[in-house]
Amino acid sequence: GAGAYGDARARRWGLLPALLFVPRQLIALLFSSSGPSTPPPTLHSASLCLLLLLVQDLPRGLRPHGRDSRTAVARQLGAIDDDLTSGSPSMSSTRAAAAAADLELSGGGGGGGLCSCGVFPLPRLFEAICAQLPAEPQVLLLHHLLHTNRGFLRYALSRTDVDALLVPLLRGLYACGSAKGAPARARVYLLLIVLLVLSQDAPLMRAAFALSVARVPWYRERLLGPISVGSLLVCVLCRVVHANLSSALWRDAYVTSTCIALLANVAPHHAQLHAHAAQSLVSLYARLARRHAALVIRRGAQAGGGDAAAGASAPVAAEQEAEQAAVLDAMRTLLEAINAALTASIVHNARLVYAILERAHLFPPHAHAAPSELGDVLANVGVVVAFFAPRVASAGGASASDGGGAELVLPSTAREAAAA
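In this text the structure is predicted, and so the values were computed from the model without any measurement.

Undergrad: Go over the packing of helix H7 (residues 122–132) against helix H9 (residues 150–158), please, and point to the residues and values.
TA: Here H7 crosses H9 at 75 degrees, and the two axes come no closer than 11 Å. Between H7 and H9, the angle is such that the two are roughly perpendicular. Residue-level inspection shows Leu122, Pro123, Leu125, Phe126 and Ile129 of H7 in contact with H9, the latter providing Gly151, Phe152, Tyr155 and Ala156. Across the contact of H7 with H9, the residue classes break down as eight nonpolar, one polar and no charged.

Undergrad: Now, about the pattern of salt bridges: what can you tell me, with residues and values included?
TA: All told, the structure shown has seven salt bridges when counted by the stated rule. Residues glutamate 221 and arginine 239 are paired through a salt bridge, measuring 2.8 Å at the closest nitrogen-oxygen approach. Of the two residues, glutamate 221 sits in the loop between strand S1 (212–213) and strand S2 (227–228) while arginine 239 sits in helix H13 (residues 229–244), which places them 18 residues apart along the sequence. Looking at arginine 239, the relative accessible area reads 12%, which means it is buried. Across the pair aspartate 376 and arginine 332 runs a salt bridge whose closest N-O atoms are separated by 3.1 Å. With aspartate 376 in helix H19 (residues 375–394) and arginine 332 in helix H17 (residues 314–345), this pair connects stretches of sequence that are 44 residues apart. Because the salt bridges share partners, they merge into one network encompassing Glu127, Arg159 and Asp161.

Undergrad: With reference to specific residues and values, describe helix H14 (residues 253–266).
TA: Counted at 1.5 Å a residue, the expected span for H14 with its 14 residues is 20 Å, and the 20 Å between its end C-alpha atoms agrees. In terms of residue burial, H14 counts as a mostly covered element, since 13 of its 14 residues are buried.

Undergrad: Give a description of the nonpolar core that names residues and reports values.
TA: Membership of the largest hydrophobic core comes to 103 residues, with the highest contact counts inside it found for Phe152 and Phe363. Contacts of phenylalanine 363, omitting those with residues within four sequence positions, involve Val282, Tyr285, Leu335, Ile356, Leu378, Val381 and Val385.

Undergrad: Which residues make up unusual backbone geometry, and what values go with them?
TA: Across the junction of leucine 133 and proline 134, the peptide omega takes the value 5 degrees, indicating a cis bond. With respect to the helices and strands, proline 134 occurs in the loop between H7 and helix H8 (136–148).

Undergrad: An account of the packing of helix H12 (residues 202–210) against H13 is needed here, citing residue identities and associated values.
TA: Working note: a packed helix pair is described by the angle between its axes plus the distance between those axes. Closest axis-to-axis distance for the H12/H13 pair is 5 Å, and the angle between their directions is 100 degrees. By the angle between their directions, the pair H12 and H13 is classed as roughly perpendicular. The segment H12 lies against H13, with Met205, Ala208 and Phe209 engaging Val229, Gly230, Ser231, Leu233 and Val234. Per-class residue counts for the contact of H12 with H13 are six nonpolar, two polar and no charged.

Undergrad: Account for the environment of alanine 379, with residues named and values stated.
TA: Looking at where alanine 379 falls in the secondary structure, it is placed in helix H19. Relative accessible area serves as the criterion here: at 40%, alanine 379 is assigned to the partly exposed category. Measuring from C-alpha to C-alpha, the distance between alanine 379 and asparagine 339 comes to 9.7 Å, with 40 residues separating the pair along the chain.

Rules used throughout
- Position numbers for residues start from 1 in each chain and track the written sequence from start to end.
- Only residues with pLDDT of at least 70 get local features here, since the model is predicted, and only at 80 or more are side-chain atom pairs given and counted; chain-wide, interface and lining totals rely on the full set of residues.
- With hydrogens and water set aside, each side-chain value is computed from the structure's full complement of heavy atoms.
- Only the stretch in contact is used when fitting a helix axis, every axis being a line fitted to C-alpha atoms; angles between N-to-C directions are given from 0 to 180 degrees.
- The secondary structure listing takes helices from DSSP runs of H or I that are at least 4 residues long and strands from runs of E that are at least 2 residues long, numbered from the N terminus.
- Angle categories are assigned with fixed cut-offs, so that under 35 degrees is roughly parallel, over 145 is roughly antiparallel, 65 to 115 is roughly perpendicular, and the rest are oblique.
- By definition in these notes, contact holds between two residues if any of their heavy atoms fall within 4.5 Å.
- Ten residues, namely Ala, Val, Leu, Ile, Met, Phe, Trp, Tyr, Cys and Pro, are considered nonpolar, four, namely Asp, Glu, Lys and Arg, are considered charged, and the remaining ones, Gly among them, are considered polar.
- Any Lys or Arg side-chain nitrogen found within 4 Å of a carboxyl oxygen on Asp or Glu counts as a salt bridge.
- Relative accessibility thresholds used throughout: buried, under 20% of the residue-type maximum; exposed, over 50%; partly exposed, between the two (1.4 Å probe, protein chains only).
- Helices are assigned an expected span. That span is 1.5 Å times one less than the residue count.
- Among the buried residues, those of types Ala, Val, Leu, Ile, Met, Phe, Trp, Tyr and Cys that are joined through side-chain atoms within 4.5 Å form a nonpolar core.

By themselves these figures say nothing about function.
See below:
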């Protein structure tokens, strides 16, 4: 299922970044050279990076006797910016990280000490981090707390203002999702890992679709009016996958598979999905289907070129075979996400049905060249197409991009389908 897929991927990629990726990113932030257009790191961000680096891996020779090294270092470095924050009602992320390291070892990481002992106010810690997202040091701190402090994780998931946490993360993912180079890709990895952890929580995802934002000025592809945070999450994830597939070859299979795993986790909670989000989902499946068909044709042409041509292109053929398998896996997971949304609440996802009907040629009974490996997951979408297409046509049809057309035609037939 969608939740099991995301949960397995979260377990797989949860510890590896904490052990290898996060310290590397912290060192890069501390010692990176500032260009003419890049401001130098502030004392605040540099001290936070140094603190997190020491919390991750303090050399044995620097560990105080009789005390856990992370607690001691966090307390000492937490005083770096005491003067900067004195008299201010808000708390800096450096002091928040220092306190969080103390709490992690005084009971918060074990589940409950952070909330029961009253050592540190969780709302101040959470708000201090959200106020500075999506700055990379704060994302690293958030990643560390979500993976090591179950008290903080429970509190973050219990907040009702999900836009305060998710929208800045999505803005950061949108900004670096189409950027080139290793630093941008590293930020994408980190943001996806954080979102993957948050997407495991069903109440948080339901709240994301229940809460709307008035406008999204940083989204450039389309003017988005009132849109739910959950629909915005779908739009941004689809855009990142499109950008990742824009090159001739599969650029980063991990980015694509993780984005689609996120879509699968979110799918059962779709409610009143925005028209652009619904179109993005179906458009992404069309993109993957075209890529898969092109790979099948290319491999067939190479196989018909004779033994000499096959031997000369054996490494290329192996690479294309691996890419074809990855594309097919992505198509299956995306179809499972669409099926989960339709199965969970077809009545409240009229725009998704219209988006499917607009591209009905991609699905049975019209898609005769669909991969046979996807027959089981395509069958349910085919049933939706066969049921709704004649009814929408007889009612005069409507466009999925029409803000109100979907609600005028589809609810009664959707309830009929749900009852059937």
